[in-house]
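Secondary and tertiary structure notes
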Amino acid sequence: MGHRELIESLRKDGEEIINRLWSGVKAEADKINAEASLKIEEARENFRRDREIAVKRQEESILSGAKKRANRIKLSAEKALSERLFPFAVSHLRELRNDGYEEVFASLVKELPDAIWKDARVNPLDMSIAREHFPDSNVIPDDSISGGLEVIRGDGKISIANTFEKRLEKAWEDILPVIIREIYKEVSV
């Protein structure tokens, strides 16, 4: 083998070695690029998922705050409405005196326990019927009572208010939700 042939053989072997090395480097680079692409895609997916979770949490927080604020406003409005409606309802209690009031008064008297009542406070229009039911009592006119009566025992230890106002006051927390529901129905139509 001659010098040229030797060089040619070495060149050929060198090219093969270079091609094999280059193929190996290229395969390793492709593998590294594929792994890097996979890691980038995983990072993007993790970021997307984390961002979606963060956005969802933020949305929930904002909606929860808005709901709480709306509930506070609603409760405040209902309280203001109650404060306006109660005096309005009280002002209409006198209408309950119209038909059959003497029977109503008598039934309110029957609800009282048996006792000797020193004083009986009633609406000025009820003086005569109160004297019929409480002949031995001091019957006192009271303009603040629209109907019914308030009695005080002789020793002053027992006082019972069985007036329209007191009955409305006791029933108000049951009546108010019904009124408010009806108002909501009217408003939402």
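Before reading further, recall that the structure is shown in the block above.
Analysis parameters
- Throughout, a residue's number is its position along its own chain's written sequence, starting from 1.
- Owing to the predicted nature of the model, reporting of local features is limited to residues with pLDDT of at least 70; listing and counting of side-chain atom pairs is limited to 80 or more, with chain, interface and lining totals taken over all residues.
- For side-chain calculations, the full set of non-hydrogen atoms in the structure is used, while hydrogens and water are omitted.
- Under the scheme used here, helices are H or I runs from DSSP no shorter than 4 residues and strands are E runs no shorter than 2 residues, and both carry numbers assigned from the N terminus.
- A radius of gyration in this sense is built from C-alpha atoms; the matching globule rule multiplies 2.2 Å by the number of residues raised to 0.38.
- Type-normalised accessible area, obtained with a 1.4 Å probe on protein chains alone, sets the label of each residue: buried when under 20%, exposed when over 50%, and partly exposed for intermediate values.
- We call two residues in contact when some of their heavy atoms are within 4.5 Å.
- In this analysis, strands are considered paired if DSSP registers two or more bridges between them.
- Only the stretch in contact is used when a helix axis is fitted, and all axes are lines through C-alpha atoms; the angle between N-to-C directions ranges over 0 to 180 degrees.
- The reported bend at a residue is simply the angle between two axes, fitted to the 7 residues ending at it and to the 7 residues beginning with it.
- The set of buried Ala, Val, Leu, Ile, Met, Phe, Trp, Tyr and Cys residues whose side-chain atoms join them within 4.5 Å is what this entry labels a nonpolar core.
- To count toward a patch, a residue needs a relative accessible area above 30% and no salt bridge. Like charges then connect within 9 Å, nonpolar side chains (Val, Leu, Ile, Met, Phe, Trp, Tyr) within 5 Å.
- Every accessible area reported is derived by Shrake-Rupley at a probe size of 1.4 Å, with residue values counting cover from the shown protein chains alone.
- In the sections that follow, a salt bridge refers to a side-chain nitrogen of Lys or Arg positioned within 4 Å of a carboxyl oxygen of Asp or Glu.
- Two aromatic rings from Phe, Tyr or Trp, using only the six-membered ring of Trp, form a pair when their centres are within 6.5 Å; if the ring planes differ by under 30 degrees the pair is stacked, by over 60 it is edge-to-face, and anything between is tilted.
- A ring is considered to have a charge above it if a Lys NZ or an Arg CZ atom is located within 6 Å of its centre and within 35 degrees of its normal.

Helix and strand counts for the protein chain come out as 4 helices and 4 strands. Tracing the protein chain from N to C terminus, the helices and strands come up as α-α-β-α-β-β-β-α. At 46 Å, the protein chain has a C-alpha radius of gyration far larger than the 16 Å of a compact globule built from 189 residues. Along the first, second and third principal axes, the C-alpha atoms of the protein chain reach 155 × 40 × 20 Å. Expressed as a percentage of its 189 residues, the buried residues of the protein chain come to 21%. Contacts spanning at least 24 positions in sequence make up 57% of the contacts within the protein chain whose residues lie at least 6 apart.

Right, let's get into the sheet that holds strand E4 (residues 159–163). The mixed open sheet is built from 4 strands, whose spatial order is E2-E1-E3-E4. This sheet does not close on itself; its edge strands, each paired only once, are strand E2 (138–141) and E4. Adjacent strand axes in the sheet meet at a mean angle of 15°, parallel and antiparallel pairs treated alike. When strand E1 (residues 117–122) meets strand E3 (residues 148–153), the two strands line up antiparallel, connected through 5 bridges. Within E3, the residue paired with Ala120 across the bridge is Val151. On the sheet, helix H2 (residues 101–110) packs against E1, E3 and E4 and is oriented at approximately 30° with respect to E3. Where helix H4 (residues 164–188) meets the sheet, its contacts fall on E3 and E4, and the angle it forms with E4 comes to roughly 85°.

Now for H4. In the structure, H4 departs most strongly from a straight axis at Trp172, where the bend amounts to approximately 60°. Considered for burial, the residues of H4 that qualify are Phe164, Glu165, Leu168, Trp172, Leu176 and Ile180.

This brings us to the nonpolar core. In this structure, Phe105, Leu112, Val122, Phe134, Leu149 and Val151 are the most contacted members of the largest nonpolar core, which totals 22 residues. Tallying contributions element by element places H4 first for this core, with 5 residues.

Let us look at a nonpolar patch on the surface. Residues Ile18, Trp22 and Val25 make up a contiguous nonpolar surface patch of about 350 Å² in total accessible area. Residue placement: Val25 occurs in helix H1 (residues 3–91). Given the relative accessible area of 46%, Val25 is considered partly exposed.

Under the defined criterion, the tally for this structure stands at 9 salt bridges. Here Arg48 ties to Glu45 by a salt bridge, and the two come within 3.1 Å at their closest N and O atoms. Linking Arg48 with Glu45, this pair stays in helix H1, spanning 3 residues, or about one helical turn. On the basis of relative accessible area, Arg48 is assigned to the partly exposed category, the value being 32%. For Glu45, a relative accessible area of 36% gives the class partly exposed. Of the charged contacts, one joins Glu111 and Arg167 as a salt bridge, the two residues approaching to 2.8 Å between their closest N and O atoms. Here the residue Glu111 occupies a position in the loop between H2 and E1, and Arg167 occupies one in helix H4, the gap between them amounting to 56 residues. One salt-bridge network, held together by shared partners, links Glu41, Glu45 and Arg48.

In terms of strand pairing, E3 meets E4 through 5 bridges, oriented antiparallel. From the neighbouring strand, Glu150 faces E4, where its bridge partner is Ala161. Between E3 and E4, which pair antiparallel in sequence order, lie 5 residues; one of them, Gly156, sits at a positive phi of approximately 75°.

For any two aromatic rings, the description comes down to two numbers: the centre-to-centre distance and the angle of the planes. According to the stated counting rule, one finds 3 aromatic pairs in the structure shown. Centre to centre, the rings of Phe86 and Trp172 are 5.2 Å apart; their planes meet at 75°, and the pair counts as edge-to-face. Of the two residues, Phe86 is situated in helix H1 and Trp172 in helix H4; the sequence distance between them amounts to 86 residues. For Phe86, a relative accessible area of 23% translates into the label partly exposed. For Trp172, a relative accessible area of 9% corresponds to the buried category. Cluster of aromatic residues (ring-pair linked, three or more members): Tyr101, Phe105 and Phe164. Note that Arg97 overlies the ring of Tyr101, its terminal NZ or CZ placed 4.3 Å from the centroid.

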